[in-house]
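Breakdown of the fold
What follows is each chain in one-letter form.
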Amino acid sequence: QGLTDGTLNLILRNRFEEEIRTYQPDLKQNFHAEIEKLKKEKQSLQGMVNHLTGMTAEYPLATEFRSRKRFSPSRYFAGVKDDTKLNIVDVKMRAKFQRADGKAAELDVLAESDCGRVLAVEVKKTKDPIGPVPAADFLEKLGVYATKHPEKKFVPAFFSAGGFTKDAQKFCDENGIATAQEIRF
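Heads up: these notes are all about the structure in this document. (Residues numbered from 1 in each chain as written. Predicted model: local features only at pLDDT ≥ 70, side-chain atom pairs only at ≥ 80, totals over all residues. Heavy atoms only, no water.)

1. Remarks on the pattern of salt bridges
- What the rule picks out here adds up to 11 salt bridges.
- With a closest N to O distance of 2.8 Å, E64 and R68 form a salt bridge. In this pair, E64 and R68 both sit in helix α3 (residues 27–68), 4 residues apart, roughly one turn of the helix.
- By relative accessible area, E64 is classed as buried at 8%.
- With a relative accessible area of 33%, R68 lands in the partly exposed category. (Salt bridge = Lys/Arg side-chain N within 4 Å of Asp/Glu carboxyl O. Helix = DSSP H or I, 4+ residues; strand = E, 2+ residues; numbered from the N terminus. Buried < 20%, exposed > 50% of the residue type's maximum accessible area, 1.4 Å probe, protein only.)

2. With respect to the packing of aromatic side chains
- Counted by the stated rule, this structure contains 7 aromatic pairs.
- With a centroid separation of 5.3 Å and 20° between ring planes, the pair formed by F65 and F71 is classed as stacked.
- With a relative accessible area of 0%, F65 lands in the buried category.
- Among the aromatic residues, ring-to-ring pairing joins F65, F71 and Y76 into one connected group. (Phe/Tyr/Trp six-rings, centres within 6.5 Å; stacked < 30°, edge-to-face > 60°.)

3. What about unusual backbone geometry?
- At R94, a position not held by glycine, the phi torsion is positive, near 50°.
- Inspection of the secondary structure assignment puts R94 in strand β2 (residues 86–98).

4. Here we look at the sheet that holds strand β3 (residues 104–113)
- Taken in spatial order, the 6 strands of this open sheet run β1-β2-β3-β4-β5-β6, and their pairing is mixed. Of all strands in the sheet, those with a lone pairing partner are β1 (70–71) and β6 (178–180), marking the two edges.
- Contacts from α3 reach β1, β2, β3 and β4 (117–124) within the one sheet, and its direction differs from that of β2 by about 155°. (Pairing = 2+ DSSP bridges. Contact = heavy atoms within 4.5 Å. Axes fitted to C-alpha atoms, helices over the stretch in contact; angles between N-to-C directions.)

Take a look at the structure:
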């Protein structure tokens with residue numbers, strides 16, 4: 001009721017008139033601080049969205065490998081060096097391991113065959129084409145993982161929904177990494 005008849009306004013002026021008159025907010029500083037805070041929050045949320053988007057690309061691929069049991073890697077990927085049919089006995093998503101420097105790493109999808117071969121797939125679901133750096137990172141991760149499992153033979157593959165730059169495609173071809181831009185189920 002004080003708001004409608006002006007009583008509250010009179011009470012506040014009587015009690016805090018000096019503080020109100022001398023207070024000058026720094027709107028520009030507050031505005032920029034708030035924008036920086038929101039940008040950091042947006043980056044954090046975008047990171048979570050990208051993580052979940054990647055997982056949603058890995059899951060159907062792993063499910064497809066589980067349901068197919070026996071298939072040639074060329075069914076899904078171009079440029080496969082060893083196209084012998086795989087008899088899938090185990091499929092893992094997000095296989096985590098530790099590098100020699102102590103940092104954690106993970107391979108997105110591992111489809112293990114009964115013959116000891118493993119189809120190792122890196123999955124990137126981005127709008128932009130992948131450059132050679134992510135492909136080199138994948139090859140490095142796979143090399144570290146392969147040293148921990150010397151009894152297995154790895155068939156590397158890279159799925160990028162956004163495609164590959166010319167340099168990345170050349171790098172993959174030279175290093176025996178099979179590639180795909182879409183997976184047809």
